[in-house]
Amino acid sequence: MIETINSVKESDWWRGAVIYQVYPRSFFDSNGDGVGDLPGIISKLDYLSDLGIDAIWISPFFQSPMDDFGYDVSNYRQVDPIFGTLADFDVLVESAKKRRIRVLIDQVVSHTSNRHPWFIESASSRDNSKADWYVWADPRADGTPPNNWMAAFEGSAWKYSPQRRQYYLHNFLESQPDLNFHNPEVVDQVLSDMRFWLERGVQGFRLDTANFYYHDRLLRDNPANPNVQVTPDIANPASLYSWQIHQYDKSQPENLGFLKKVRTLLNEFGETFSVGEIGADQALPLMAQYTQGNDHLHSAYTFDLLSPEFSAERIVKIVRDTEAAIGSGWPCWAMSNHDVMRVATRWGRDREPTLLKSLIALLFSLRGTVCVYQGEELGLTEVDIPVDQIKDPYGLRNLPVFKGRDGCRTPMPWDFESVHAGFTPAIPWLPVDPLHASRSVGSQINDEQSMLRVFQRLVKWRKQNLALQWGSISIEQLGREVVFIRREHEGCELQMLFNLGEQAETVELSPDHSMLLPSHAAWFNDQTPVPSWRSIY
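### So, the sheet that holds strand 1 (residues 18-22)
Sheet strands associate in pairs through backbone hydrogen bonding, adopting either a parallel or an antiparallel arrangement.
(1) Moving on: Taken together, eight strands build an open sheet; the order of strands is 11-10-9-5-2-1-13-12 and the sheet is parallel. This sheet does not close on itself; its edge strands, each paired only once, are strand 11 (299-301) and strand 12 (332-334). Neighbouring strand axes in the sheet, compared pairwise and without regard to direction, differ in orientation by 25 degrees on average.
(2) Moving on: Two elements, strand 2 (residues 55-58) and strand 5 (residues 102-107), share four bridges in a ladder whose sense is parallel. Directly across from W57, in strand 5, lies its bridge partner L104.

Right under this line is the structure:
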């Protein structure tokens, strides 16, 4: 069985893989400046290897003024000095390879920093060599922006430039101008920059805002959203963004052609992988379209499991809708990342990490590639950052309604007894929560019932079962909060029950149902009391 699994992974390793997201600012500080760095990641590769994960996805480490902490790139081919050097990155790739860990990196190419040399030149006049590299448009007759498009972070998506006497498009911060993908020179340059990293040994990309590359050439107004929720929510507080149907500012048909070019490039380098982030009003059709066949993205994910709504009914609906829509495509699943409240708080409401063990088991039971966010294996909760320590520009713009994303980006706790939980000897860029220190790696590594040790066993369980990596899936809700999942591949079948409620439930099962979680195995009769997550782990 193990030989079969290994041979499958070598030829198509990303199907069913477990990818670990590293947010480098907060992973480990190697030089004592309070900010995590690439040498810090290198020093923790043995820890990552012991988790059993297949790959790491490293959030942006490129040269940047850090207006959006690396998602505003000013040089796509340089490591920002905060994180180290190109030589450090080369060592990271080689060291990871020795441990059979693949390295994936963010590609933030829908926009750049306004301090990128391309934009500085583009903004200088209307007749320079980069004049058409960004999305520029004349004001309307009354001097107002060209249309009604809104930025995800702040008001209008247009910023006026007195130098050009035109507006430029920015779908996020005004310091993040959008590249003009209708210009073939821009596409060629972006692909060239991707090639640069592939030639350094990178084995794939996470494509930030993968449906934002192209805009409507006619700059038509977006229609109003008749289903808008006026009350603030965790994903888009104090924002007008959700008041529109984003029909023209993103998700354009030309986007598909660019993604095909990305896949063609990746195919030159063998066993590579691409996963697209899709934020859209109707994300599932795009997810299906972007991952069809062998000439598009390998995988994509939506924000459905990253939302605040939590119930067995909702999870079952999300998985069923995705399976119905995706066709020959391949989904990617995540319950946490650097942009949303940690799942232990969002769904677990900061209870002991017991529920999170069940959620990780459920996540690893889904068909698709899985992403876990650093600290998820420790059961880390969202941190309530004091207002005077908030760094996230999104939060600073939305106070006091919303503090931003800093609460999920705080430093990794490594050692309970060390200052700042072993992350840094200096003042960390964000504070370390005392609760996190008590859930440090050192506090859990020798406790067989800890979140960390259960996580390691669940990764091993997934990797040893072809049905979990490659198999078909059926899913249904039983009772109030019980999820039933069946996975099957070439005669290997697993049937699993997950009670997401706090109380045991009795559910109707056929005589051949069985539950095969590594921490709780039993045969069930047709009238089955299913333990709650409180008593399973």
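### Focus: a nonpolar patch on the surface
(1) Moving on: Residues V387, L396 and L399 make up a contiguous nonpolar surface patch of roughly 250 Å² in combined accessible area.
(2) Moving on: Relative to the helices and strands, L396 is located in helix 12 (residues 393-398).

### Re the pattern of salt bridges
(1) Moving on: According to the stated counting rule, one finds 25 salt bridges in the structure shown.
(2) Moving on: Of the charged contacts in the structure, one is a salt bridge between R486 and E493, with a shortest N-O distance of 3.0 Å.
(3) Moving on: On the basis of relative accessible area, R486 is assigned to the partly exposed category, the value being 26%.
(4) Moving on: For E493, a relative accessible area of 38% gives the class partly exposed.
(5) Moving on: Beyond isolated ion pairs, a larger network of salt bridges with shared partners links D68, D339, D392, R405 and R409.

### Considerations on the sheet that holds strand 15 (residues 482-489)
(1) Moving on: One open sheet holds the three strands; their spatial order is 14-15-16, and the pairing between them is antiparallel. One side of each edge strand has no neighbouring strand; the edge strands of this open sheet are strand 14 (472-478) and strand 16 (492-499). Adjacent strand axes in the sheet meet at a mean angle of 15 degrees when their direction is disregarded.
(2) Moving on: In the sheet, strand 15 pairs with strand 16 via eight bridges, with the strands oriented antiparallel. Note on strand 16: the bridge partner recorded for R487 is L494.
(3) Moving on: Relative to the sheet, helix 9 (residues 312-326) contacts strand 14 and strand 15, its axis offset from that of strand 14 by approximately 150 degrees.

### Topic: helix 9
Side chains of residues three or four places apart in an α-helix project in the same direction, reflecting 3.6 residues per turn.
(1) Moving on: Spanning 15 residues, helix 9 covers 21 Å between terminal C-alpha atoms, matching the ideal 21 Å at 1.5 Å per step.
(2) Moving on: Those residues of helix 9 that fall on the buried side of the exposure criterion are A312, I315, V316, I318, V319, T322 and I326. For helix 9, the arc enclosing every buried residue in end-on projection is 160 degrees, short of the 170-degree limit, so these residues lie on one face. When the buried face of helix 9 is taken as reference, the exposed residues oriented beyond 90 degrees from it are E313, K317 and A324.
(3) Moving on: Here the buried face of helix 9 lies against helix 8 (283-290), strand 12, helix 11 (354-363), strand 14 and strand 15.
(4) Moving on: Within two residues after helix 9, G327 carries a phi angle of roughly 60 degrees, on the positive side.

### Examining the environment of R206
(1) Moving on: Locating R206 in the fold gives a position in strand 9 (residues 204-207).
(2) Moving on: Residue class for R206 comes out buried when judged on its relative accessible area of 1%.
(3) Moving on: C-alpha of R206 to C-alpha of S59: the two residues are 147 residues apart in sequence and 8.7 Å apart in space.
(4) Moving on: Here E277 takes part through its side chain, which lies 3.2 Å from a polar atom of the side chain of R206.

### Focus: the packing of aromatic side chains
(1) Moving on: For the structure shown, the criterion picks out 34 aromatic pairs.
(2) Moving on: Look at F119 and W136: their rings are 5.7 Å apart centre to centre, the planes differ by 10 degrees, and that puts the pair in the stacked class. Of this pair, F119 sits in helix 5 (residues 117-124) while W136 sits in strand 6 (residues 136-137), and the two are 17 residues apart along the sequence. No difference in accessibility class separates F119 from W136, as the two residues are buried.
(3) Moving on: Relative to Y214, the ring of F181 has its centre 5.7 Å away and its plane inclined at 55 degrees; by these criteria the two rings are tilted. With F181 in the loop between strand 8 (166-169) and helix 6 (184-198) and Y214 in the loop between strand 9 and helix 7 (255-267), this pair connects stretches of sequence that are 33 residues apart.
(4) Moving on: Classification of F181 by relative accessible area gives buried; the value is 2%.
(5) Moving on: We classify Y214 as buried; its relative accessible area is 9%.
(6) Moving on: Three or more aromatic residues link up through ring pairs in this structure, and these residues are Y20, F27, F28, Y47 and W414.
(7) Moving on: Across the ring face of W330, the terminal group of R15 is positioned such that the distance to the ring centre comes to 4.8 Å.
(8) Moving on: Above the ring of F28, the side-chain terminus of K44 is found at 4.5 Å from the ring centroid.

### Regarding the environment of P60
(1) Moving on: Structurally, P60 is set in the loop between strand 2 and strand 3 (62-63).
(2) Moving on: For the pair P60 and Y23, spaced 37 residues apart in sequence, the C-alpha to C-alpha distance is 8.0 Å.
(3) Moving on: Those residues in contact with P60 that lie beyond four places of it in its chain are P24, G70, Y71, F83, D106 and V108.

### So, unusual backbone geometry
(1) Moving on: That bond from L399 to P400 is cis: its omega, 0 degrees, falls within 30 degrees of zero.
(2) Moving on: Locating P400 in the fold gives a position in the loop between helix 12 and helix 13 (434-438).
(3) Moving on: In this structure, M66 takes a positive phi of about 65 degrees despite not being glycine.
(4) Moving on: Mapping M66 onto the fold places it in the loop between strand 3 and strand 4 (75-79).
(5) Moving on: Taking relative accessible area as the criterion, M66 reaches 12% and is therefore assigned buried.
(6) Moving on: With phi around 60 degrees, R100 is a residue other than glycine that occupies positive phi space.
(7) Moving on: Within the secondary structure layout, R100 lies in the loop between helix 4 (86-98) and strand 5.

### So, the state of the cysteines
(1) Moving on: Enumeration over the complete set of coordinates arrives at zero disulfides.
(2) Moving on: There is no disulfide at C332, and the cysteine sulfur nearest it, in C371, is 3.7 Å away.
(3) Moving on: You can call C332 buried: its relative accessible area is 4%.

Rules behind the numbers
Residues numbered from 1 in each chain as written. Predicted model: local features only at pLDDT ≥ 70, side-chain atom pairs only at ≥ 80, totals over all residues. Heavy atoms only, no water. Pairing = 2+ DSSP bridges. Helix = DSSP H or I, 4+ residues; strand = E, 2+ residues; numbered from the N terminus. Axes fitted to C-alpha atoms, helices over the stretch in contact; angles between N-to-C directions. Patch = residues over 30% accessible without salt bridge, like charges linked within 9 Å, V, L, I, M, F, W, Y side chains within 5 Å. Areas by Shrake-Rupley, 256 points an atom, 1.4 Å probe, with all protein chains shown as cover. Salt bridge = Lys/Arg side-chain N within 4 Å of Asp/Glu carboxyl O. Buried < 20%, exposed > 50% of the residue type's maximum accessible area, 1.4 Å probe, protein only. Contact = heavy atoms within 4.5 Å. Expected span 1.5 Å × (residues − 1). Arc of directions from axis to C-beta. Polar contact = N/O pair within 3.5 Å; in protein donor to acceptor, adjacent residues only side chain to side chain. Phe/Tyr/Trp six-rings, centres within 6.5 Å; stacked < 30°, edge-to-face > 60°. Lys NZ or Arg CZ within 6 Å of the ring centre and 35° of its normal. Disulfide = S-S within 2.5 Å.

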